[in-house]
Amino acid sequence: MGLFDTVELYDDVHLPEYPDEVTPAEDVDWQTKGIDRPTMTTFRITADGHLFEEEWHTEDVPPEDRPYATREDVEEGDFLYMAGCLNRVHDGWIKRNDYHGRFEIKRSFEDLDSLVTYQVTFTHGQLEGFERVR
């Protein structure tokens, strides 16, 4: 499995050969490992063909607000004690005018019992198009 990034599509972004019987493409969180080194961040593709990357930072979560840290059977050194110790905080969006290349976005749909994959092409920060691969 490994790390991946999420790609969101704005309304009016058209995916060719998109299946009719599944959730609309703009309501789906797509996965990619191809933009940069995956860091579990979110990217957006706008209707006018721009790529944005989410800016964020993390903040410590006090032990009393973590899901397992206050359980009697969990000690401070346990893995469960650390679960939920960081909270991701959204700082804004960076326009990626520098992105030049191709990457794939993928989503598995239960209704289709298959993986839907598109290749996305950007030239100097501008979307050139989508091509259905699977």
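All values reported here derive from a predicted model rather than from experimental measurement.

K.L.:
What's the story with a negative patch on the surface in this structure? I'm lost.
P.N.:
There is a patch of like negative charges on the surface, built from D20, E21, E110, D111 and D113. Here E110 shows up in the loop between β6 (101-109) and β7 (114-123).

K.L.:
Looking at this structure, how should I read the nonpolar core?
P.N.:
Note that soluble globular proteins tend to have their nonpolar side chains buried in a common cluster. With 23 residues, the main nonpolar core has V7, L9, Y18, W30, I45, F103 and F130 as its most contacted residues. Listed by contribution, the elements that provide at least two residues to this core are β1 (5-9), β3 (42-45), β6, β7 and β8 (126-132). Ranked by the residues each element gives to this core, the list is headed by β7, at four residues. Beyond its immediate chain neighbours, meaning those up to four positions away, Y18 contacts T23, P24, A25, V28, W30, F109, Y118 and R132.

K.L.:
Sorry if this is basic, but what is going on with the packing of aromatic side chains here?
P.N.:
Given two aromatic rings, one states the distance between the centres and the angle between the planes to describe the pair. Inspection of every chain in the model, using the stated rule, returns seven aromatic pairs. Ring centres of Y99 and F103 lie 5.7 Å apart, and the angle between their planes is 75 degrees; on these two criteria the pair is classed as edge-to-face. F103 shares its class with Y99; the two are buried. Looking at R88, its charged tip hangs above the ring of W56, at a distance of 4.3 Å from the centre. Directly above the aromatic system of F109 lies the positively charged group of R107, at a separation of 5.7 Å from the ring centroid.

The rules behind the values
Residues numbered from 1 in each chain as written. Predicted model: local features only at pLDDT ≥ 70, side-chain atom pairs only at ≥ 80, totals over all residues. Heavy atoms only, no water. Patch = residues over 30% accessible without salt bridge, like charges linked within 9 Å, V, L, I, M, F, W, Y side chains within 5 Å. Areas by Shrake-Rupley, 256 points an atom, 1.4 Å probe, with all protein chains shown as cover. Salt bridge = Lys/Arg side-chain N within 4 Å of Asp/Glu carboxyl O. Lys, Arg positive; Asp, Glu negative; His and termini not counted. Charge placed at Lys NZ, Arg CZ, Asp CG, Glu CD. Helix = DSSP H or I, 4+ residues; strand = E, 2+ residues; numbered from the N terminus. Core = buried A, V, L, I, M, F, W, Y, C linked by side-chain atoms within 4.5 Å. Buried < 20%, exposed > 50% of the residue type's maximum accessible area, 1.4 Å probe, protein only. Contact = heavy atoms within 4.5 Å. Phe/Tyr/Trp six-rings, centres within 6.5 Å; stacked < 30°, edge-to-face > 60°. Lys NZ or Arg CZ within 6 Å of the ring centre and 35° of its normal.

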